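Tertiary structure, described
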Amino acid sequence: MTRFNQRRRTTFAVAVTAAAAVALLGGVPTVASASITEASTPVPIATPDGMTMSYILNTKVANPGQTRLVEKAVAMAGGVVVQSWPQIGVVVAHSQRSAFRADVRAFGGKALESVGASRTAEVLEGTPADAQAPWGPGASGYKQGAKKSTNGDVEAPTTPAATTDAREGEQWDMQMIKADQAHKITDGSRNVLVGVLDSGIDPDHPDLQANIDVADSVNCTDAGRPDTSATGWYPTTSDHGTHVAGTIAAPRNGVGIVGVAPNVRMAAVKVVSDQGFIYPEYAVCGFIWAGEKHMDVTNNSYYIDPFEFWCSDQPDQAAAKEAVSRAVAWSTKQGVVHAAAAGNSAYDLSDKSKFKDPGSPNDTTPVLRTINNDCQDIPAELPGVATVSSATRTGALSNFSNRGLGVIDVSAPGSSILSTIVRNNGYGTKSGTSMASPHVAGVLALMKSAHPELTPEQMVAKLRADATDKACSTASGPACVGTTQDNSYFGEGMVDALKAVS
C-alpha cells in the first residue's frame, strides 16, 4: 500500500454501531472475535485553544432529525459543521476550543453516541470558507507542508514513456490471475464503474484517459466534504492512484499495458491529501460518494491515518472507526463491493497481541503502542471488505505482506507490478499490497460485468470460492498456518479472473 496504506479491510432509522453494521450486511466480521487480553496504549489527543482540530460525531440513531440535533450541539459547543452525512448519522466538525468534546457531549444529550478527534495534528487544509467558521479559513504553520514518509510501497526506476509497442507481454501478473484468459470471454462492461479511492488519476494519460469517468470523480480531501471542481481529483503529489488505476482498467488500445478489466469505467475518488494523509473524514466522504453514485466496486490501497490500527477501547479512535464502519456498511447496502490492501508491515493480523505498533500516530509524534485484537487496520479489516495479501512472481507471499488466518480473503500479485505513472505519461513498477488489491478490484469488476445480478456479499463469496488454492510458502515474519484451502498467507488462494466471468 502507499504510505497511505503502505504497510498495508441508507438511511437507518435504528441505532447504528459497528456490530449492527455487521448484521445489516448479513455477514460476520472479517476477523473472528477474540477476547481483549490487554488494553491498548492510550494516545491522548491534545486540543489546545486556538488550534483548529477536526472531529467526527456519531448520532445514536442515523436519521436527518438526530443529525440536525447534533449539528446544533456542535454550534452550541463552539464548533462549525463542515459536513453532515444523515444517511449514516455522521457529522464532521471543526473547533478551536479545547473543551469542545466535553461540551458537545453535554449539548448533544441523547442524540449523540460518540465524538472523537479524527487526527492528532491541526487541520492543515483549513476550514472550508463556506462552513462559516468564526476563525476563518487557513491553518497555522504547524507541520505545514509536512509529508508523511512512505511505509512499504516500493517504486522502481521509471521507464520511458510508452512506445507504439504494447507491453502486455511484460504483465506476468495478468497471466498469474488468468486475466488474459478471462479477456477471451469479456473485457468488462461499460456499465460497470470502479471507484479508485486514492491520490487521483492522471487525467491525460493515454493509457487511462478513455476509461476515466470525469462526471463521477471527486476530491474528498477538502476537510472531508465533496469537492466537485473540475480539477480537484487530479493527482498532485503522488502517482499512487494512477498506478493502481492502470492495473484495474487500463484500456485495450494498442498502447502500453492492459488492465484486469480494460473496458470498465473508473472514477477518481481522491482521499489522499497533498501531505499524503488519508484521514477518517476523507474516507467517509469517499465511501458515501461511491454509494451515492451507485459505483459497483471500490479499491482501497491504504490504511486510514493517523493510526495504523484503530482501537475501540480509545474514545477518539472508536468514534472515527465507527464512522468509517457506517460508511462502508451503507455503501455496501447501495450495491458497492470493496477490495482493500492488507498492509505492508509483515504482521499477523489474526493475533495482534504478538506485536506492537511503533508508527502511530503518524501525523505528530508516534508512540510504541500495545494493541489488541479489537484494534483494526481500517478499512481492510471491516466487515464485508475483501482483504488482499500480496504474492511474488514465483507465487510466494511477498515478505512485506500482512497476513492472518481468518483475515486474508484472497491473494494477488503485488511485487514489482508494471503499471501507469504520471511522469511523462509513462510506466513504472511498484511493490506493495497496494498493488495486489487493484487486481482483485479488477476481477470484481469483471465478475460484475458477467454477473450483474450478484450482490456485494455474493461477489465476495464467489471471489473466495473461485480462488485457486495455494499451499503455505516461506516468507519472513510470522509463519504460515492453516490448510491449502485456507491459510494465513493466501486466504482462500490466488484470485482467479477466469472463474469470475464463468
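Please read these numbers as outputs of a predicted model, since none were measured by experiment.

**A short note on the pattern of salt bridges**
- Applying the stated criterion across every chain, the model contains 20 salt bridges.
- A salt bridge links Arg-265 to Asp-213; its shortest N-O distance comes to 2.5 Å. A residue pair is termed long-range when its members are at least 10 positions apart, and Arg-265 in strand 9 (residues 265–270) and Asp-213 in the loop between strand 6 (193–198) and strand 7 (218–222) qualify at 52 residues.
- With relative accessibility at 22%, the residue Arg-265 sits in the partly exposed group.
- With a shortest N-O distance of 2.5 Å, Arg-464 and Asp-409 are connected by a salt bridge. One end of the pair, Arg-464, is in helix 10 (residues 456–466); the other, Asp-409, is in the loop between strand 16 (386–391) and strand 17 (410–413), with 55 residues separating them in the sequence.
- Overlapping salt bridges, with partners in common, bring together Glu-113, Glu-322 and Arg-326 in one network.

**Structural notes on the state of the cysteines**
- Going through the model one piece at a time under the given rule, you end up with three disulfides.
- Put simply, Cys-220 and Cys-285 are joined by a disulfide, and their sulfur atoms are 2.1 Å apart. Its torsion about the S-S bond being -65 degrees, the disulfide of Cys-220 and Cys-285 is classed as left-handed. Taken together, the positions of Cys-220 in strand 7 and Cys-285 in helix 7 (residues 280–292) put the pair 65 residues apart, joining distant regions of the chain.

**Here we look at helix 3 (residues 100–108)**
- Residues of helix 3 that are buried: Phe-100, Arg-101, Val-104 and Gly-108. Taken end-on, helix 3 shows its buried residues confined to a sector of 95 degrees, consistent with a single buried face.
- Residues of helix 3 that are buried make contact with strand 1 (53–59), helix 2 (64–76), strand 2 (79–85), strand 3 (90–95), strand 4 (112–117) and helix 8 (315–333).

**Considering the pairing of strand 14 (residues 367–370)**
- Sheet topology places strand 13 (residues 356–360) next to strand 14; three bridges connect them, and they run antiparallel. Opposite Asp-357, over in strand 14, you have Arg-369 as the bridge partner.
- Between the end of strand 13 and the start of strand 14, which pair antiparallel, lie six residues.

**Comments concerning the sheet that holds strand 4**
- Read across the sheet, four strands follow the order 2-3-1-4 without closing on themselves; strand pairing throughout is antiparallel. Both edges of this open sheet fall to strand 2 and strand 4, since each of them pairs with a single strand only. For this sheet the average axis-to-axis angle between neighbouring strands, irrespective of direction, equals 25 degrees.
- Sheet strands in contact with helix 7 are strand 1, strand 2 and strand 3, and its direction is about 30 degrees off that of strand 2.

**Considering the environment of Ala-215**
- Positionally, Ala-215 belongs in the loop between strand 6 and strand 7.
- For the pair Ala-215 and Thr-228, spaced 13 residues apart in the sequence, the C-alpha separation amounts to 8.7 Å.

**What to know about the sheet that holds strand 10 (residues 297–300)**
- One open sheet holds the eight strands; their spatial order is 8-7-9-6-10-12-16-17, and the pairing between them is mixed. Of all the strands in the sheet, the pair left with one neighbour each is strand 8 (225–227) and strand 17. Strand after strand, the sheet turns through a mean of 30 degrees between neighbouring axes, direction not considered.
- Two elements, strand 6 and strand 9, share six bridges in a ladder whose sense is parallel. By the bridge assignment for strand 9, Leu-197 is matched with Val-269.

**Observations concerning the packing of aromatic side chains**
- In the structure shown here, the tally under the stated rule is nine aromatic pairs.
- Plain terms: the ring middles of Tyr-279 and Tyr-282 are 5.7 Å apart, the flat faces sit at 70 degrees to each other, and that makes the pair edge-to-face. Across the pair, Tyr-282 and Tyr-279 agree in class, each one buried.
- Joined through ring pairs, the aromatic side chains of Phe-277, Tyr-279 and Tyr-282 make up one cluster.
- Sitting over the ring of Trp-289, Lys-293 keeps its end group 4.6 Å from the ring centre.
- In this structure, Lys-470 is placed above the aromatic ring of Phe-490, and the distance from its NZ or CZ to the ring centre is 4.8 Å.

**Regarding the packing of helix 6 (residues 240–249) against helix 9 (residues 433–450)**
- Interhelical geometry of helix 6 versus helix 9 gives an angle of 40 degrees and a closest axis separation of 8 Å. Our classification of the angle between helix 6 and helix 9 gives oblique. Crossing angle aside, the handedness with which helix 6 passes helix 9 is right-handed. Of the residues in helix 9, those touching helix 6 at His-240, His-243, Val-244, Thr-247 and Ile-248 are Ser-434, Met-435, Pro-438, His-439, Ala-441 and Gly-442.

**Comments concerning the packing of helix 2 against helix 3**
- Look at helix 2 against helix 3: their axes get within 8 Å of each other, and the N-to-C directions meet at 135 degrees. Relative to helix 3, the element helix 2 lies oblique. Of the two elements, helix 2 crosses helix 3, and the hand of that crossing is right-handed. Across the interface between the two elements, Ala-73, Val-74 and Met-76 from helix 2 touch Phe-100, Val-104, Phe-107 and Gly-108 from helix 3.

**What to know about the nonpolar core**
- Ranked by size, the top nonpolar core spans 49 residues in total, and within it Ile-201, Ile-248, Met-266, Val-440, Val-443, Leu-444 and Leu-463 carry the most contacts.
- If one sorts the elements of this core by residue count, helix 9 sits on top with nine residues.
- Beyond its immediate stretch of four places on either side in the chain, Met-266 contacts Leu-193, Val-194, Val-196, Ile-201, Leu-208, Asn-211, Ile-212, Asp-213, Ala-245, Ile-248 and Ala-249.
- With 42 residues, the next largest nonpolar core counts Val-90, Tyr-302, Ala-323 and Ala-327 among its residues.

The rules behind these values
Think of each chain on its own: its residues are numbered from 1, step by step along the sequence as written. Reporting of local features is limited, given that this is a predicted model, to residues whose pLDDT is at least 70; pairs of side-chain atoms are given and counted only at 80 or more, and all residues count toward the totals for whole chains, interfaces and linings. As a rule here, side-chain values come from all non-hydrogen atoms in the structure, and water together with hydrogens is ignored. Within this document, salt bridges are pairs made up of a side-chain nitrogen of Lys or Arg and a carboxyl oxygen of Asp or Glu, the two lying within 4 Å of each other. A helix here means a DSSP run of H or I that spans at least four residues, while a strand means a run of E at least two residues long, and both kinds are numbered starting from the N terminus. Exposure is judged per residue with a 1.4 Å probe applied to protein chains only, and the accessible area is read against the type maximum: over 50% gives exposed, under 20% gives buried, and values in between give partly exposed. In what follows, a disulfide is any cysteine sulfur pair within 2.5 Å. In this context, the arc is that of the directions from the helix axis out to the C-beta atoms. Contacts are assigned to residue pairs with any non-hydrogen atoms lying within 4.5 Å of each other. The pairing criterion for strands is at least two bridges between them, as found by DSSP. The convention used is that axes are lines fitted to C-alpha atoms, helices contributing only their stretch in contact, and that angles between N-to-C directions extend from 0 to 180 degrees. For Phe, Tyr and Trp, where Trp contributes only its six-membered ring, two rings pair if their centres lie within 6.5 Å, and the inter-plane angle classes them as stacked under 30 degrees, edge-to-face over 60, or tilted in between. Criterion for a charge above a ring: Lys NZ or Arg CZ within 6 Å of the ring centre, and within 35 degrees of the ring normal. Orientation categories follow fixed angle ranges, with anything under 35 degrees roughly parallel, anything over 145 roughly antiparallel, 65 to 115 roughly perpendicular, and all other angles oblique. Whether a crossing is left-handed or right-handed is set by the direction in which the near helix is turned from the far one by less than a right angle, anticlockwise for left-handed and clockwise for right-handed. Residues grouped as a nonpolar core are buried Ala, Val, Leu, Ile, Met, Phe, Trp, Tyr and Cys residues, joined through side-chain atoms within 4.5 Å.

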